[in-house]
Amino acid sequence: FSINDIDRGGGGALYVAAGPTTILGSVFEDNIVVQNSPALGGALHLADGPALIANSRFSRNFALQGGGAVYIEADEAVIANSTFARNQSASGVNTGSAIRVSRSTETDVTLANLIAWQNTGSLPPILGSESGGSFTVNHSIVEGGWAGAGTNNLDTAPLYADASNNDNPHQPAS
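In short, a report on the structure. (Residues numbered from 1 in each chain as written. Predicted model: local features only at pLDDT ≥ 70, side-chain atom pairs only at ≥ 80, totals over all residues. Heavy atoms only, no water.)

Quick look at the overall build of the protein
Of regular secondary structure, the protein possesses zero helices and 23 strands. For the protein, the residues scored as buried account for 47% of the 174 residues in total. Of the contacts formed within the protein by residues at least 6 apart in sequence, a portion of 74% connects residues at least 24 apart. On the protein, roughly 7400 Å² of surface is accessible, and the fraction owed to carbon and sulfur atoms is 51%. (Helix = DSSP H or I, 4+ residues; strand = E, 2+ residues; numbered from the N terminus. Buried < 20%, exposed > 50% of the residue type's maximum accessible area, 1.4 Å probe, protein only. Contact = heavy atoms within 4.5 Å. Areas by Shrake-Rupley, 256 points an atom, 1.4 Å probe, with all protein chains shown as cover.)

Written out as structure tokens, the structure reads:
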């Protein structure tokens, strides 16, 4: 999913209205959602239902109002073995430069074996939340660190095979 551009709503490349949703081995890059409210989820907007994202890459996506790469409203989401690099959100508080979670009821988000590096926005690189929810991050590399729930997380530059692009694939030691 590359170089998609929308001017309103959410999910520059993909909007999922109802789940369950499974996304495996996908690449989302250079997608943009701007102008008009809401401008959420530069690459992907998960509106409802449980979601699983694995072995995927999100790079250089942009959302004006939040979730530079992904905006989650779903009840439950698991993101594993994936990379979030150089995504950006521009405005507001709790925008989440890589991932933003928003739900009127509690949302459970689990991130595992994730790399979140060089994402920019008003919050740390991993996520933002405007309402209830729990986040667990395990065995991940997070620029700036992760102080929330989870274990075995590092704030160490990932060993990208092509360091100039900060993209997959990774060197074996990463």
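We are not done yet, so read on.
Quick look at the nonpolar core
By size, the foremost hydrophobic cluster in this structure holds 25 residues, and its most contacted members are Leu44, Phe58, Ile72, Ile79, Phe84 and Ile99. Excluding residues that lie within four positions of it along the chain, Phe84 makes contacts with Phe58, Ala69, Val70, Ile79, Ala98, Ile99, Leu114, Ile115, Ala116, Trp117 and Asn119. Of all hydrophobic cores here, the second largest spans five residues; its members include Ile115, Trp117, Ile141 and Tyr160. (Core = buried A, V, L, I, M, F, W, Y, C linked by side-chain atoms within 4.5 Å.)

A look at the sheet that holds strand β13 (residues 76–80)
Strand pairing within a sheet occurs via backbone hydrogen bonds; the two strands may be parallel or antiparallel. Spatially, β4-β9-β13-β17-β20 is the arrangement adopted by the five strands of the open sheet, whose pairing is parallel. Whereas interior strands pair on both sides, the edge strands pair on one side only; in this sheet they are β4 (21–24) and β20 (134–138). Mean inter-strand twist for the sheet, computed between neighbouring axes without regard to direction, equals 5°. (Pairing = 2+ DSSP bridges. Axes fitted to C-alpha atoms, helices over the stretch in contact; angles between N-to-C directions.)

A closer look at the packing of aromatic side chains
One pass over the full model with this rule turns up two aromatic pairs. Centre to centre, the rings of Phe28 and Phe58 are 4.8 Å apart; their planes meet at 0°, and the pair counts as stacked. Pair noted here: Phe28 is in strand β5 (residues 27–29) and Phe58 is in strand β10 (residues 57–59), with a separation of 30 residues, a long-range link. Given the relative accessible area of 0%, Phe58 is considered buried. Between Phe58 and Phe84 the ring centres are 4.7 Å apart and the planes differ by 5°, which places this aromatic pair in the stacked class. (Phe/Tyr/Trp six-rings, centres within 6.5 Å; stacked < 30°, edge-to-face > 60°.)

Observations concerning the pattern of salt bridges
As a working rule, side chains carrying opposite charge can pair if their charged atoms are close by. According to the stated counting rule, one finds three salt bridges in the structure shown. With a shortest N-O distance of 3.3 Å, Arg57 and Glu29 are connected by a salt bridge. On the criterion of sequence distance, the pair formed by Arg57 in strand β10 and Glu29 in strand β5 is long-range, its members being 28 residues apart. Taken individually, Arg57 and Glu29 each receive the classification buried, so the pair is uniform in this respect. (Salt bridge = Lys/Arg side-chain N within 4 Å of Asp/Glu carboxyl O.)

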